[in-house]
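The lines below spell out each chain.
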Amino acid sequence: MTPTVASAAPLIVAHRGGTGDTPENTVKAFTNALQNGAQALWMTVQVTRDGVPVMYRPADLSALTDGRGKLADVDYADVRKLNAGYAFSRKGADGQAVYPYRDHPLPIPTLREALAAVPANVPVLLDMKQTPAAPLVEAVIEVLDETNAWSRVRLYSTEAEATDRMRARRPQAQLFESRDATRNRLVAAALAGQCAAPPAPGTWAGIEFHRQVEVVERFTLGEGISKVVANWWTPAAVQCFKSRGDVHLVAFGVETPQDFETASQLGFDAVMTDSPARLRAALTNQGQATAK
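Computed from a predicted model, the values in this text were never measured in an experiment.

If you tally the helices and strands in the protein, you get 9 helices and 13 strands. Computed over its C-alpha atoms, the radius of gyration of the protein comes to 20 Å, within 12% of the 19 Å expected for a compact globule of 292 residues. In terms of overall dimensions, the protein has a C-alpha envelope of 55 × 55 × 50 Å along the principal axes. Per-residue burial for the protein yields a buried fraction of 45% across its 292 residues. Of all intrachain contacts in the protein linking residues separated by at least 6 positions in sequence, the fraction that spans at least 24 positions is 62%. Surface accessibility of the protein: about 14300 Å² in total, with carbon and sulfur atoms responsible for 50%. Of the side chains in the protein, 30 bear a positive and 31 a negative charge, and the two mean positions are spaced by 2 Å.

Laid out in structure tokens, this is it:
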């Protein structure tokens, strides 16, 4: 198979608003990411105990905030009091960690607030990050209905239950295919050289550009495990995904100009990065160096 050649550079997607630049999933992160050259935003949504969808990723509030407990066990009124930037740090001049947002707290925004803070022409990739899925899906549906935002939001989840339920409840929802489907196609292409079931035209698929995986071989008396960093987005794999027509690919975890260039040559539509500012600066520096 011949490599797919991109007709344009991939869109730069800010992962959770740019986790390396600003406290993640905050309005400040989303606005800063756009100022830093991001062209689309990845947001992560969970739902509070009383049914309010808010922008937060970890399982426990203590991971990023000055609170504790699962977000699903806390009412929105209490979530609103927390500092979403509490754990965000940078290295100071002495090499020690500095926490710039402990004295300048940032709230955890609602999904409604996040959408309102972003221009309507900016694509939003919304990761539904909670189980059980039903309360979250219903809360997201309510906001997208009321804000008429279905055309600007594409939904993703590692849990097929979430995307399946969303598809059943709102057929107009724009969805990524399941992570299992994407991974299985990549494994078949990498290990067996097979392209037996390429996705249908119009499909969106996303997974890490590089990913540490374990290959498990089972024996009668045990098993063997091999760990490897999978560089599974080969030209053959991309050609397989796009072989039935217009399929859109998003590469997660693209942090270097080299990976950006590779993704561009392969024909990716978008790349997701933790730091749009750093990636943009590196691309600019590389371009200047090449021009000399």
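Having seen the structure, we can now continue with the description.
Counted by the stated rule, this structure contains 19 salt bridges. Notably, a salt bridge pairs lysine 242 with aspartate 269, separated by 3.6 Å at the nearest N-O pair. With lysine 242 in the loop between α7 (235–241) and β12 (248–252) and aspartate 269 in the loop between α8 (257–266) and β13 (270–273), this residue pair connects regions lying 27 residues apart in the sequence. Looking at aspartate 269, the relative accessible area reads 26%, which means it is partly exposed.

So, on to the state of the cysteines. Linking two cysteines covalently through their sulfur atoms gives a disulfide. Tallying each qualifying case throughout the model produces 1 disulfide. Covalent S-S linkage joins cysteine 195 and cysteine 240, the inter-sulfur distance amounting to 2.1 Å. Measuring the twist about the S-S bond at about 95°, one finds the cysteine 195-cysteine 240 disulfide to be right-handed. Separated by 45 residues along the polypeptide, cysteine 195 in the loop between α6 (179–192) and β9 (204–208) and cysteine 240 in helix α7 bring together distant segments of the chain.

Along an α-helix, residues three or four apart share an orientation, since each turn contains 3.6 residues. Among all positions in helix α1 (residues 27–35), only Ala29, Phe30, Asn32 and Ala33 are buried. After α1 finishes, the residue glycine 37 shows a positive phi value of roughly 100°.

Our next topic: the UniProt feature "domain: GP-PDE" (unreviewed entry) in the protein. UniProt's feature table lists "domain: GP-PDE" (unreviewed entry) at residues 10–283, given in the numbering used throughout. As a span, residues 10–283 carries 31% helix and 23% strand, and end to end its C-alpha atoms are 13 Å apart.

Here we take up the packing of helix α4 (residues 133–147) against helix α5 (residues 160–169). Two elements in contact, α4 and α5, have axes separated by 9 Å at closest approach and are oriented at 45°. With respect to α5, the axis of α4 lies oblique. Between α4 and α5 the crossing geometry is right-handed. Contacts between α4 and α5 involve Ala133, Ala134, Val137, Glu138, Val140 and Ile141 from the former and Glu161, Ala162, Arg165, Met166 and Arg169 from the latter. Classifying every residue of the contact of α4 with α5 by side-chain character gives 7 nonpolar, no polar and 4 charged.

The rules we used
- The written sequence of each chain sets the order in which its residues are numbered from 1.
- The predicted nature of this model means local features are confined to residues of pLDDT at least 70 and side-chain atom pairs, given and counted, to a pLDDT of 80 or more, with totals for whole chains, interfaces and linings taken over all residues.
- Side-chain calculation: all heavy atoms of the structure are included, whereas hydrogens and water are not.
- Helical segments are the DSSP runs of H or I of at least four residues, strand segments are the runs of E of at least two, and each set is numbered from the N terminus.
- When we talk radius of gyration, it's over C-alpha atoms, and the globule rule is simply 2.2 Å times the number of residues to the 0.38.
- For every residue, the accessible area (1.4 Å probe, protein chains only) is compared with the maximum for its type, and the residue is labelled buried under 20%, exposed over 50%, or partly exposed between those bounds.
- Residues are treated as being in contact if the distance between any of their heavy atoms lies within 4.5 Å.
- Only the protein chains shown count as cover for residues, and all accessible areas are computed by the Shrake-Rupley method using a 1.4 Å probe.
- Under the convention used here, Asp and Glu are negative, Lys and Arg are positive, and both His and the chain ends fall outside the count.
- For the purpose of locating charges, the reference atoms are NZ of Lys, CZ of Arg, CG of Asp and CD of Glu.
- Definition used for salt bridges: Asp or Glu carboxyl oxygen within 4 Å of a side-chain nitrogen of Lys or Arg.
- The disulfide definition used here is simple: a pair of cysteine sulfur atoms within 2.5 Å.
- UniProt positions are given in the numbering used here, feature names are shortened, and annotations may be inferred rather than shown by experiment.
- Lines fitted to the C-alpha atoms define the axes, with helices restricted to the stretch that makes contact. Angles between their N-to-C directions range from 0 to 180 degrees.
- Our angle categories are set so that under 35 degrees counts as roughly parallel, over 145 as roughly antiparallel, 65 to 115 as roughly perpendicular, and the remainder as oblique.
- Take the far helix as your reference; a near helix turned counterclockwise from it by less than a right angle gives a left-handed crossing, and one turned clockwise gives a right-handed crossing.
- Amino acids are sorted into nonpolar (Ala, Val, Leu, Ile, Met, Phe, Trp, Tyr, Cys and Pro), charged (Asp, Glu, Lys and Arg) and polar (every other residue, Gly among them).

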